[in-house]
Amino acid sequence: MIYSFQGYIPVVHESSFVHPLAAVTGNVIIGKNCYIGPAAAIRGDWGQIILEDGVNVQENCTVHMFPGKSITLKESAHVGHGAIIHGANLGRNCLIGMNSVIMDDAEIGDESIVGAMAFVKAETIIPQRSLVVGNPAKVVKQVSDEMIAWKTKGTKLYQQLPKDCQETLKEVEPLREVPKDRIVQENTYATLRDFMKK
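If you're wondering where the values come from, they're calculated on a predicted model, not measured in any experiment. (Residues numbered from 1 in each chain as written. Predicted model: local features only at pLDDT ≥ 70, side-chain atom pairs only at ≥ 80, totals over all residues. Heavy atoms only, no water.)

A.B. asks: Can you help me understand the overall build of the chain in this one?
C.D. replies: From N to C terminus, the chain includes two helices and 20 strands. Taking 2.2 N^0.38 as the reference for a compact globule, 198 residues should give roughly 16 Å; the C-alpha atoms of the chain span a radius of gyration of 17 Å, in line with that estimate. Its C-alpha atoms give the chain principal-axis dimensions of roughly 55 × 50 × 25 Å. Each of the 198 residues in the chain was classed as buried or not, and the buried ones make up 44%. The long-range fraction of contacts in the chain, counting pairs at least 24 apart against all pairs at least 6 apart in sequence, stands at 15%. With an accessible surface of roughly 11,200 Å², the chain has 55% of that area assigned to carbon and sulfur atoms. Side chains of the chain give 20 positive and 22 negative charges; the mean places of these two sets differ by 6 Å. (Helix = DSSP H or I, 4+ residues; strand = E, 2+ residues; numbered from the N terminus. Rg over C-alpha atoms; globule rule 2.2 N^0.38 Å. Buried < 20%, exposed > 50% of the residue type's maximum accessible area, 1.4 Å probe, protein only. Contact = heavy atoms within 4.5 Å. Areas by Shrake-Rupley, 256 points an atom, 1.4 Å probe, with all protein chains shown as cover. Lys, Arg positive; Asp, Glu negative; His and termini not counted. Charge placed at Lys NZ, Arg CZ, Asp CG, Glu CD.)

See below:
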């Protein structure tokens, strides 16, 4: 659902997809080819939130901030299931792992990867191309060309997803049995470990 708040109406590019079960509120600007998953909450009630082109905010994520702050998720930022971005800025083509928490005034550098369940403290500055894990999160190494290639490939799937949803997603009644001709979905993306073996 898209909600106005105190006269601010979200701006969503027509090529992007906001799931009907997501909530986008107020001063939010969503660029091209962005995907917002079910139960995501992007609350621009107290400040501006900008999602540049190709950003995805997956299921059960929260993007919010303290009053008077504005934040940007830069081009191709990838926010994994259940993550919380609270008053932080995300760099270009970064990956925020599932159930991570990125706190106020933190800056995640371009092409950085934050591991699942990491906690990035307020005002932390993560340099570009850093691999970050833990609670509190720490830089453990630099992101390799292979790692960023894997991340970029995964984000491209999410950049295609808005078009796929616009063309094929519809509410239906469930089937009562599995059809005999049901097609098995192809394996188009490997885990990082499997990707590195190739």
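A.B. asks: I'm lost on the sheet that holds strand β10 (residues 78–79) in this one. Help?
C.D. replies: With respect to topology, eight strands assemble into an open sheet ordered β3-β5-β7-β10-β13-β16-β19-β20, the strand pairing being mixed. With one partner strand each, in any of the chains shown, β3 (17–18) and β20 (137–142) form the two edges of the open sheet. Looking at chain direction, β10 and strand β13 (residues 95–96) are connected through two bridges and run parallel. Each bridged residue has a counterpart across the sheet, and for Val 79 the counterpart in β13 is Ile 96. (Pairing = 2+ DSSP bridges.)

A.B. asks: When you look at the state of the cysteines in this model, what are you seeing that I'm missing?
C.D. replies: Disulfide: a covalent bond formed between the sulfur atoms of two cysteine residues. Under the counting rule described, the total for this entry stands at zero disulfides. Just so you know, Cys 94 is unpaired, no disulfide at all, and the nearest cysteine sulfur is the one on Cys 61, 12 Å from it. With relative accessibility at 0%, the residue Cys 94 sits in the buried group. Residue Cys 165 stays outside any disulfide, its sulfur separated by 13 Å from that of Cys 34, the closest cysteine. (Disulfide = S-S within 2.5 Å.)

A.B. asks: Teacher, can you tell me more about the side chain of Gln 58 here?
C.D. replies: Mapping Gln 58 onto the fold places it in the loop between β7 (56–57) and β8 (62–64). For Gln 58, a relative accessible area of 3% corresponds to the buried category. In terms of polar contacts, Gln 58 uses its side chain to reach the side chain of His 81, at 3.0 Å. Those residues in contact with Gln 58 that lie beyond four places of it in its chain are Gly 37, Ala 40, His 78, Val 79, Gly 80, His 81 and Tyr 158. (Polar contact = N/O pair within 3.5 Å; in protein donor to acceptor, adjacent residues only side chain to side chain.)

A.B. asks: Explain the nonpolar core here, please?
C.D. replies: Considering soluble globular proteins, one finds that nonpolar side chains tend to be buried as a cluster. Counting 35 residues, the largest nonpolar core has Leu 51, Val 57 and Leu 73 as the members making the most contacts within it. Sorting the residues of this core by element identifies β4 (23–30), β6 (41–51) and β9 (71–73) as the ones contributing at least two each. Each residue touching Val 57, except ones within four places of it in the same chain, is listed here: Tyr 35, Ile 36, Gly 37, Ala 40, Ile 42, Leu 51, Val 63, Leu 73 and Val 79. Formed by seven residues, the second largest nonpolar core is a distinct cluster that contains Ile 113, Leu 131, Met 147 and Ile 148. (Core = buried A, V, L, I, M, F, W, Y, C linked by side-chain atoms within 4.5 Å.)

A.B. asks: Just checking my understanding: could you explain the packing of aromatic side chains for this structure?
C.D. replies: For any pair of aromatic rings, the description rests on two quantities: the centre-to-centre distance and the angle between the ring planes. One pass over the structure, following the stated rule, counts two aromatic pairs. Members of the aromatic cluster, joined through ring pairs, are Phe 17, Tyr 35 and Tyr 158. (Phe/Tyr/Trp six-rings, centres within 6.5 Å; stacked < 30°, edge-to-face > 60°.)

A.B. asks: Would you explain the layout of surface pockets in this entry?
C.D. replies: Rolled over the atoms, a probe as big as a water molecule pinpoints where empty space is left. Looking at the largest pocket, its volume works out to about 370 Å³. Looking at the largest pocket, it is lined by 22 residues, and the ones nearest its centre are His 78, Leu 95, Gly 97, Met 98 and Trp 150. Those elements that place two or more of their residues in the lining of the largest pocket are β13, β16 (113–114) and α1 (145–168). Counting residues per element, the lining of the largest pocket draws most heavily on α1, which supplies seven residues. Class assignment of the residues belonging to the lining of the largest pocket gives a composition of 13 nonpolar, eight polar and one charged. (1 Å grid on protein atoms, 1.4 Å probe; cavity = no way out; pocket = protein on both sides within 12 Å on 5 of 7 lines; lining within 4 Å. Points joined across faces, edges and corners; volume = space filled by probe spheres on them. Nonpolar A, V, L, I, M, F, W, Y, C, P; charged D, E, K, R; others polar.)

A.B. asks: Sorry, what's going on with unusual backbone geometry here?
C.D. replies: Peptide bonds are mostly trans, and most non-glycine residues show a negative phi. Backbone torsion omega between Asn 135 and Pro 136 reads 0 degrees, so that peptide bond is classified as cis. Inspection of the secondary structure assignment puts Pro 136 in the loop between β19 (130–134) and β20. Despite not being glycine, Met 117 shows a phi value in the positive range, around 65 degrees. You can see Met 117 is positioned in the loop between β16 and β17 (119–120). Under the relative-accessibility criterion, Met 117 is labelled exposed at 64%. Phi is positive for Glu 123, which is not a glycine, with a value near 70 degrees. For Glu 123, the location among the structural elements is in the loop between β17 and β18 (125–126).

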